[in-house]
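Each chain, letter by letter, is given below.
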Amino acid sequence: MKKHNFYAGPSILPQYTIDESIAAMKDFAGTGLSILEVSHRSKEFDAVMAETEALFKDLLNVPQEYRVIFVGGGASTQFFTVPYNLLQTRAAYLNTGEWATKAIEEAEIFGEVVVVASSKNKNFTYIPRDFTIPTDVDYFHFTSNNTIYGTEIREDFDSPVTLVSDMSSDILSRPVDVSKYGLIYGGAQKNLGPAGVTFVILKESILGKVERRIPTMVDYRTHIKKNSLFNTPPVAAVYSCLMTLRWLKNLGGVEVMEKINIAKSSLLYETIESSKFFRPTIPNPQDRSRMNVCFVLKDEYKDLEKPFLEFASGRGMVGIKGHRSVGGFRASLYNALPLESVQALVDCMKEFEAAN
Ligand code: PMP
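Residues numbered from 1 in each chain as written. Predicted model: local features only at pLDDT ≥ 70, side-chain atom pairs only at ≥ 80, totals over all residues.

**Q** Would you mind going over the nonpolar core with me for this structure?
**A** Counting residues in each nonpolar core, the largest one holds 66 residues, and the members touching the most others are Tyr93, Leu183, Val200, Val238 and Tyr239. Broken down by element, the residue count for this core peaks at 10 residues, all from helix α6 (residues 235-251). In contact with leucine 183, not counting residues within four places along its chain, are Val82, Val164, Val200, Ile201, Leu202 and Ile206. By size, the runner-up hydrophobic cluster in this structure holds 28 residues, among which are Phe6, Cys294, Val296 and Phe329. (Core = buried A, V, L, I, M, F, W, Y, C linked by C-beta atoms within 7 Å. Buried ≥ 20, exposed ≤ 12 C-beta atoms within 10 Å, placed from the backbone. Helix = DSSP H or I, 4+ residues; strand = E, 2+ residues; numbered from the N terminus. Contact = placed C-beta atoms within 7 Å.)

**Q** How do you make sense of helix α1 (residues 15-26) when you look at a structure like this?
**A** A turn of α-helix holds 3.6 residues, and therefore any two residues three or four places apart point the same way. Between its first and last C-alpha, α1 extends 17 Å over 12 residues, near the 16 Å set by a 1.5 Å rise per residue. Restricting attention to buried positions, one finds in α1 the residues Thr17, Ser21 and Ala24. Mapping the buried residues of α1 onto a view down its axis gives an arc of 65°, with all of them on the same face. Exposed positions of α1 whose direction lies more than 90 degrees from the buried face are Gln15, Asp19, Ile22, Ala23 and Lys26. (Expected span 1.5 Å × (residues − 1). Arc of directions from axis to C-beta.)

**Q** Whenever I open this one, the domain arrangement of the protein confuses me. Can you help?
**A** Per the domain assignment, the segments of the protein are domain 1 (15-251) and domain 2 (253-355). Counting residues at the interface gives 25 residues for domain 1, matched by 25 residues for domain 2. At the level of secondary structure, the elements contributing two or more residues to the side of domain 1 that touches domain 2 comprise β6 (145-146), β7 (151-152) and α6. Top element by residues in the side of domain 1 that touches domain 2 is α6. It accounts for three residues. Of the residues contributing to the side of domain 1 that touches domain 2, the split by class is 10 nonpolar, nine polar and six charged. (Domains from an automatic or database assignment. Nonpolar A, V, L, I, M, F, W, Y, C, P; charged D, E, K, R; others polar.)

**Q** So what exactly am I meant to see when it comes to the UniProt feature "binding site: pyridoxal 5'-phosphate" (unreviewed entry) in the protein here?
**A** With numbering matched to this structure, UniProt assigns "binding site: pyridoxal 5'-phosphate" (unreviewed entry) to Ala75, Ser76, Trp99, Thr147, Asp166, Gln189, Asn231 and Thr232. Maximum C-alpha separation among the annotated residues is 30.2 Å over a sequence range of 158 residues, too wide for a single clustered spot. In this structure, aspartate 166 sits in strand β8 (residues 162-166). Judged by C-beta crowding, with 28 C-beta atoms within 10 Å, aspartate 166 ranks as buried. Sequence-distant contacts of aspartate 166, that is, excluding residues within four places in its chain, are made with Ala75, Trp99, Ala103, Thr143, Ser144, Tyr185 and Gly186. Counting through the fold element by element, asparagine 231 comes out in the loop between α5 (220-225) and α6. For asparagine 231, a count of 13 C-beta atoms within 10 Å corresponds to the partly exposed category. (UniProt positions renumbered as here; feature names shortened; annotations may be inferred.)

**Q** Where do I start with the packing of helix α3 (residues 74-86) against helix α4 (residues 98-107) in this structure?
**A** Pairs of packed helices are described in terms of their axes, by the angle between the two and the distance that separates them. It is the contact of α3 with α4, at a shortest axis distance of 8 Å, that shows an interaxial angle of 40°. What the angle tells us is that α3 and α4 run oblique. Viewed along their axes, α3 and α4 form a crossing whose handedness is right-handed. Two secondary-structure elements touch here, α3 through Ser76, Phe79, Phe80 and Pro83 and α4 through Lys102, Ala103, Glu106 and Ala107. For the contact of α3 with α4, a count of residues per class yields five nonpolar, one polar and two charged. (Axes fitted to C-alpha atoms, helices over the stretch in contact; angles between N-to-C directions. Parallel < 35°, antiparallel > 145°, perpendicular 65-115°, else oblique. Left-handed = near helix turned anticlockwise from the far one by under 90°.)

Next comes the structure, spelled out in structure tokens:
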């Protein structure tokens, strides 16, 4: 049976990425060695790292004065690396979910944190709009896509201070005006590659402004200076990311990708909206994520949750159980998920309704 992979991350990758990664596991760049056993100091891997940065910059139209570095530790490590490097006295954060909350908690270790707005009062089911970014802070941080709750901020804010964003779960799903940001970071394991590597896009001029000493490994300047090869990077994971970037370039880039993502998410949201059984968890269509579509059964049909999960699993749907803090269902529609998989889920929902 064909499987439809709706996991929230690690998640579906392009078949091209998987095939090319398998090929490189056997013979990387004609070296006769596996990508698993090749030195990160080899000229062949040097070329991989250079192309990965260059292609990332090309696809997102990253201005000249920015770098893209690849490090370990996941996005969670960036929660403290960002304030370590940028927070001198005070930083502002927007709280739109669990990941934003975790980022705030880590920043509090380094200085004062001003939470400009929070949607916690309604279990993070909306994006707060009524706030201003203060001018007396070192930076303003927001999470562009809230993977757990299924909300997304697609606005590149005009910020009076350095703009920082966690784009773990919607990077490369749409164009972004990188020039408005000082720093963008995220784990690779949704739209880019396997788990184990984290990307950081940053403008060099925002660094060097804090007085504290920074441990070498979390000082962004270390990785910039050494082209992400200061220590051993996750070699195989970086290679797979490069394959996804090549796939995306070949498809036509982020503009084309965005159109596909709009088509996929609209199809699913429209089905949920017009359903007898289901309803979306995010009331305002403007706040809804194109990457993680969250929905639940209406109160009168609540007892159908388990039967629906079983029904869907019998039709090849994988990973649609909602996160424990939301319940219900979550279908992650990352870049690599084809429209046919969304259609299969929609058909499955309609069949289930007809049968119950
Ligand atoms: N931020 C967001 C928006 C996420 O979705 C996740 C993980 N799903 C994280 C941060 C944490 O990432 P990691 O597991 O790579 O530390």
